[in-house]
Structure formats: structure tokens, C-alpha cells
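Structural overview for review
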Amino acid sequence: MQLEDIRNISVIGAGLMGHGIGLTYALGGYRVVLNDTREEILGNAISYIRNDLKTLAESGVISQDMIEETLSRLTTTTNLKKAVKDADFVTEAAVEDAEVKREIFSHLDVFCPEHTIFASNTSSLVLRDFTSQCRRKDRILITHWFNPPHIVPVVEVVRGEETSDETMELVYALLQKVKKVPVKILKEIPGFVVNRIQVGMFREVWSLWQQGIASPEDIDLAVKGSFGFRLAAIGPLATCDLGGLDLWYGIADRLFKVINDAHQPPEALKRKVRAGELGVKTGKGFFDYNIDCFTKGQEESVKARDKKFIQLLKLLYPQ
Ligand SMILES: NC(=O)c1ccc[n+]([C@@H]2O[C@H](COP(=O)([O-])OP(=O)(O)OC[C@H]3O[C@@H](n4cnc5c(N)ncnc54)[C@H](O)[C@@H]3O)[C@@H](O)[C@H]2O)c1
């Protein structure tokens, strides 16, 4: 199959990630079918997409006309067979549960045309956890998006044990066509690249917090305004090159002996989770929140976050 042969895209699971992934493909000119288990969820997905499009228009990323034009390319159905019967490419973004994904992929293998490529947006599973029953293993891979998917540029394109070169190249080109920044992950390992690095950082961040080395406010301030600031513009390896590898080698040689190397998340974090201090959604995490920001005020806070991200996007990814 060639890139031009991809015309119809289906997204299975229209929650937080699925609706943004569907929106991205529709913005890129594709006809998109969104599928979920209930009409109510699909109705919500379309109103989130409408809001996202309005934010993009208010930020000057798209024209006002593109709102209705993009929405006209999106349809919804709770019927999986109907959702995928004409699909050239399917992205699964259903709940992170291997059994649910296994059932979806079993159906996809039967309901989809022979040429259809399947991608999963799983963040912690590997393909063999839920696709071993599929016949077309050469045409299955992981595309790992980041929230909010229609704004964060990178998508990890993860090669499974049996994914073909052709599938990798085609999906890479498809993501470029819809203005994402695909990154090839050549071997399927848990956490891929981004989450392994991110969680490596959290291990040290949580350890510093647990030891009371700095306040939560100051830890966030320190990271945001130092390597966080730099990393939005240049990657970690370029940062090493600019500082000098001899310098970084010396720093690593001294600090590797003392930084956290725990194999379990810290006790203090476990206590917070057990106490229901889960962050914004329960009104308390590392910081206190007005619970309204997750209920009636949530839409405004997401909009404010998205507008900030879009400013960064325009600055760093003008294409
Ligand atoms: N939330 C993130 O930041 C993030 C980032 C990257 C990847 N992911 C991955 O993306 C996937 C979706 O995560 P999310 O955060 O959007 O979750 P979510 O709970 O917001 O959405 C999941 C959706 O799947 C639907 N669903 C469940 N069973 C289904 C079925 N049989 N058929 C169709 N739809 C079904 C649910 O109704 C729900 O709407 C997960 O695999 C997750 O690990 C999430």
C-alpha cells in the first residue's frame, strides 16, 4: 500500500486520546470514523473536538472555516464492524487493558479489509500482549501519542517483533503528512523511549521531594526554568554536546553513585495514592487544587493549558 491509498481512518476508543488523534487525522484531510462503546461518549468526543478546533482557530493555527470543514470529515458509530469496514488505517485508543485490546484486535482482523494497517496507542503494553491472534502481524505497530495529541508534536512509532519495514515507513509518512513529528522506536521495550526517560526523571524528582531537599513549588520551578526550558528547544544529547562530553562524564561519574536507583516508587507517594491524594482530579496531589478545575472549571483550565502549548508549538514547530 502507498500513502495515497490511505483515505479512510478509524479510531477505536474516543476518550482523552482517541478524540485528539481523530481530530489530528481529520485536520490532515482524512475521513475519520470514531468508535466507542456508547453514543454519549461519542457525543462528548465531538464536542471536545469542536472546542479544540475553536481553540486552534482563536490561536490563529487554523482558519474559522476549517472548524466546520474538519467536523464534516468526522463521523461516529458504536458499531465496530461499521466503523472499520472501509478503513485503510485504524488506531486503537481504548482503555489500557490487554483483554479489551485483545478483543478489539480480534474483531479488527476479521472486520477490516486485508490491506488495513492497525496501530495501537498503548503506553505500557507490548503488541504480543494483545495481537497474538491476528494474522496480519506485519501490518501492526504502536503509534504512541502524547496528550493533548492534536498539539504535542511527537508520536513514537514503535516497531513490533513482526512489523514490516513497509508498515513502519508508511505510518511514519502518514504522521508526517498530518504534521506530526514521528520518531522511530526500533525495538519494542516497555515504556518505549519517552516514558522511560520521563519516569527516570520522576524517580529522582520524587526522591528529592520525599527527602524534603526542596519544596514541591521549588522543584517544579527549578526544572521548568532550567533543563525543562532548554529541552523544549534542544534535546538531551545535543545538550551534552554543547556542554562538553568530558564535563558531563565527570558529573555522571560523581552523581551516579548518589542519585536514586530504587526499584519501587517511594513510600511517601504510595501513602498519597492510598489517601486519595491523586492530583487535580481529587483536589489534592503535590499541590492543592480547587476541585472545580476538574469539574465545571476543567474546560477553562484545559483551554488555558492548550493555548500556552500552542504558543510554544508556533515558536518551536512553525511548520
Ligand atoms: N492519557 C494519556 O496521557 C495517554 C498517553 C499516551 C497513550 N495513552 C494510551 O491511550 C489509550 C487510551 O487512553 P485514554 O487516556 O484516552 O483513556 P480514556 O479512558 O480517556 O479513553 C478510553 C476510551 O476507550 C473506550 N473503550 C473501552 N472499551 C472499548 C471498546 N471495547 N471499544 C471501543 N472503545 C472502548 C472507553 O469508553 C473510553 O472512551 C490507552 O491505551 C492509554 O494507555 C494515554
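Residues numbered from 1 in each chain as written. Predicted model: local features only at pLDDT ≥ 70, side-chain atom pairs only at ≥ 80, totals over all residues. Heavy atoms only, no water.

Some points on the domain arrangement of the chain
Assigned domains of the chain: these are domain 1 (3-185) and domain 2 (194-316). Relative to domain 2, the C-alpha centre of domain 1 lies at a distance of 28 Å. In this complex, domain 1 contributes 17 residues to the contact, which on the side of domain 2 involves 11 residues. Carbon and sulfur atoms supply 59% of the area that domain 1 and domain 2 bury against each other, a total of about 1200 Å² over both sides. Three residues, Thr55, Ser59 and Ile151, lead the burial of domain 1 against domain 2; their summed loss comes to 38% of the area buried on that side. Scanning the region where domain 1 abuts domain 2 turns up two salt bridges. Ionic pairing is found between Glu58 and Lys303, a salt bridge with its closest N-O pair at 3.5 Å. (Domains from an automatic or database assignment. Contact = heavy atoms within 4.5 Å. Buried area = accessible area lost by both parts, 1.4 Å probe. Salt bridge = Lys/Arg side-chain N within 4 Å of Asp/Glu carboxyl O.)

Looking at the pattern of salt bridges
Scanning the model with the defined rule gives 20 salt bridges in all. A salt bridge links Asp253 to Lys257; its shortest N-O distance comes to 3.7 Å. Taking the shortest distance from any N to any O, the salt bridge between Glu267 and Lys270 comes out at 3.5 Å. With a gap of three residues between them, Glu267 and Lys270 both fall in helix α12 (residues 267-274), about one helical turn apart. (Helix = DSSP H or I, 4+ residues; strand = E, 2+ residues; numbered from the N terminus.)

Quick notes on the site of the ligand
Surveying the vicinity of the ligand reveals 22 residues, the closest of which are Met17, Asp36, Glu96, Asn121 and Ser123. Isolated, the ligand exposes 830 Å² of accessible area, and the fraction of that covered by the protein chains is 73%. Looking at the shell around the ligand, the elements that each hand over two or more residues are α1 (16-27) and α5 (98-111). The dominant element in the shell around the ligand, judged by the number of residues it contributes, is α5, at three residues. The residue inventory of the shell around the ligand, partitioned by class, reads 10 nonpolar, nine polar and three charged. (Near = heavy atom within 4 Å. Areas by Shrake-Rupley, 256 points an atom, 1.4 Å probe, with all protein chains shown as cover. Nonpolar A, V, L, I, M, F, W, Y, C, P; charged D, E, K, R; others polar.)

Quick notes on the packing of aromatic side chains
Evaluated as defined, the whole model comprises seven aromatic pairs. Relative to Phe89, the ring of Tyr25 has its centre 5.9 Å away and its plane inclined at 75 degrees; by these criteria the two rings are edge-to-face. A residue pair is termed long-range when its members are at least 10 positions apart, and Tyr25 in helix α1 and Phe89 in strand β4 (residues 89-92) qualify at 64 residues. Grouping residues by exposure puts Tyr25 and Phe89 together as buried. Where Trp209 meets Phe286, the ring centres are 4.8 Å apart and the plane angle is 90 degrees; that geometry is what we call edge-to-face. One end of the pair, Trp209, is in helix α7 (residues 194-211); the other, Phe286, is in the loop between α12 and α13 (298-316), with 77 residues separating them in the sequence. What makes Trp209 buried here is its relative accessible area of 17%. (Phe/Tyr/Trp six-rings, centres within 6.5 Å; stacked < 30°, edge-to-face > 60°. Buried < 20%, exposed > 50% of the residue type's maximum accessible area, 1.4 Å probe, protein only.)

Let's talk about a nonpolar patch on the surface
A grouping of Phe309, Leu312, Leu315, Leu316 and Tyr317 is seen on the molecular surface, where their side chains present a nonpolar patch of about 430 Å² in accessible area. Assignment of secondary structure puts Leu312 in helix α13. (Patch = residues over 30% accessible without salt bridge, like charges linked within 9 Å, V, L, I, M, F, W, Y side chains within 5 Å.)

A word on the environment of Ile251
You can see Ile251 is positioned in helix α11 (residues 245-255). Between the alpha carbons of Ile251 and His144 there is a distance of 32 Å; along the sequence they are 107 residues apart.

Some points on unusual backbone geometry
Residue Pro148 is bonded to the preceding Asn147 through a cis peptide linkage, with omega at -5 degrees. Looking at the element boundaries, Pro148 is found in the loop between β6 (140-144) and β7 (154-158). Located in the positive-phi region is Phe192, a residue other than glycine, with phi close to 50 degrees. You can see Phe192 is positioned in the loop between β8 (181-185) and α7. Taking the relative accessible area as the measure of exposure, Phe192 reaches 1% and is therefore buried.

A word on the packing of α1 against helix α2 (residues 39-58)
At a minimum axis separation of 10 Å, α1 and α2 run at an interaxial angle of 55 degrees. When the interaxial angle is binned, α1 and α2 end up oblique. Where α1 crosses over α2, the handedness of that crossing is right-handed. Residues His19, Leu23 and Leu27 of α1 lie in contact with α2, whose contacting residues are Ala45, Tyr48, Ile49, Asp52, Leu53 and Leu56. Split into classes, the residues belonging to the contact of α1 with α2 amount to seven nonpolar, one polar and one charged. (Axes fitted to C-alpha atoms, helices over the stretch in contact; angles between N-to-C directions. Parallel < 35°, antiparallel > 145°, perpendicular 65-115°, else oblique. Left-handed = near helix turned anticlockwise from the far one by under 90°.)

Examining the environment of Glu4
As for its position among the elements, Glu4 is in the segment before β1 (8-12). By relative accessible area, Glu4 is classed as exposed at 54%. Taking the C-alpha atoms as reference points, Glu4 and Leu174, 170 residues apart in sequence, are found 9.4 Å from one another.

Remarks on the sheet that holds strand β2 (residues 31-35)
Sheet architecture is open: eight strands sit in the order β3-β2-β1-β4-β5-β6-β7-β8, paired in mixed fashion. In the strand order of this sheet, the two ends are held by β3 (74-77) and β8, each with one partner. Going from strand to strand, the sheet's axes swing by 25 degrees on average, the running direction of each strand aside. (Pairing = 2+ DSSP bridges.)

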